[in-house]
Amino acid sequence: MSNKLSTIVITLLLVCLNTLIFCQSVTDEEVRLKHEIKVNTLFLIPGFSFLDASYEYTSYKNNSSVGITGGISLQESNLKYSYLMPYYKVFFDDNLAKGFFLETHLLLGREIDSFRDTNSFAFGGGLAIGTKFKRDIVVVETLLGMGRTLNEYDGFYEFYPRIGLNFGLSLF
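Figured I'd write up the structure that's included with this text. (Residues numbered from 1 in each chain as written. Predicted model: local features only at pLDDT ≥ 70, side-chain atom pairs only at ≥ 80, totals over all residues. Heavy atoms only, no water.)

### What to know about the nonpolar core
Note that soluble globular proteins tend to have their nonpolar side chains buried in a common cluster.
Consideration 1: Counting seven residues, the largest nonpolar core is built from Phe43, Phe50, Tyr83, Met85, Leu107, Ala122 and Tyr160.
Consideration 2: Sequence-distant contacts of Phe50, that is, excluding residues within four places in its chain, are made with Phe43, Leu44, Gly71, Ile72, Ser73, Leu74, Tyr81 and Tyr83.
Consideration 3: Within the second largest apolar cluster, six residues are counted, among which are Phe91, Ala97, Phe101 and Leu143. (Core = buried A, V, L, I, M, F, W, Y, C linked by side-chain atoms within 4.5 Å. Buried < 20%, exposed > 50% of the residue type's maximum accessible area, 1.4 Å probe, protein only. Contact = heavy atoms within 4.5 Å.)

This is how it looks when you write it as structure tokens:
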């Protein structure tokens, strides 16, 4: 009887120990860095004077990502732009959310023209295609697309470009 009891206790201890060990193991999903912060370097060229930065969260399970881009003009002129652009990307390569992708986005923008004394709000949507390259924590992304404003506003553009050469970091 004592021998059976000790066998049961040892078996239960081994099962509990085994469960604790495997619960503490880190999966590949947890190791991957899911948060990215990027800056569009095309708009930093003199003459544009525009800051365009992005935050992106990657879901490796779905091979997709969701993010938001924000931009603001930095130059002193009669025309000032600012916008927020939430987006969703689907990756077509099996390389864990890198490689070729298709992006759909919305535009929430504002244009202030002090020369014409207008303050316009733009709402729109569009598509873009691109590629993303990752090496360790460094991210490089190119994208090209177009969108259309969906409301009537006093701004200059009915269509707008979505273009980028983004450099950034993958974090935690």
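Read on for the rest.
### Notes on the pattern of salt bridges
Consideration 1: Overall, the coordinates contain 10 salt bridges when judged by the stated rule.
Consideration 2: A salt bridge links Lys38 to Glu56; the nearest nitrogen and oxygen atoms lie 2.5 Å apart. Here Glu56 lies in strand S2 (residues 50-59) and Lys38 lies in strand S1 (residues 35-40), a separation of 18 residues in the sequence.
Consideration 3: Look at Lys38 and you get buried, because its relative accessible area is 1%.
Consideration 4: The exposure class of Glu56 is buried, given its relative accessible area of 0%.
Consideration 5: Residues joined by salt bridges that share partners form a network here, namely Glu36, Lys38, Glu56, Lys89, Lys132, Lys134 and Glu141. (Salt bridge = Lys/Arg side-chain N within 4 Å of Asp/Glu carboxyl O. Helix = DSSP H or I, 4+ residues; strand = E, 2+ residues; numbered from the N terminus.)

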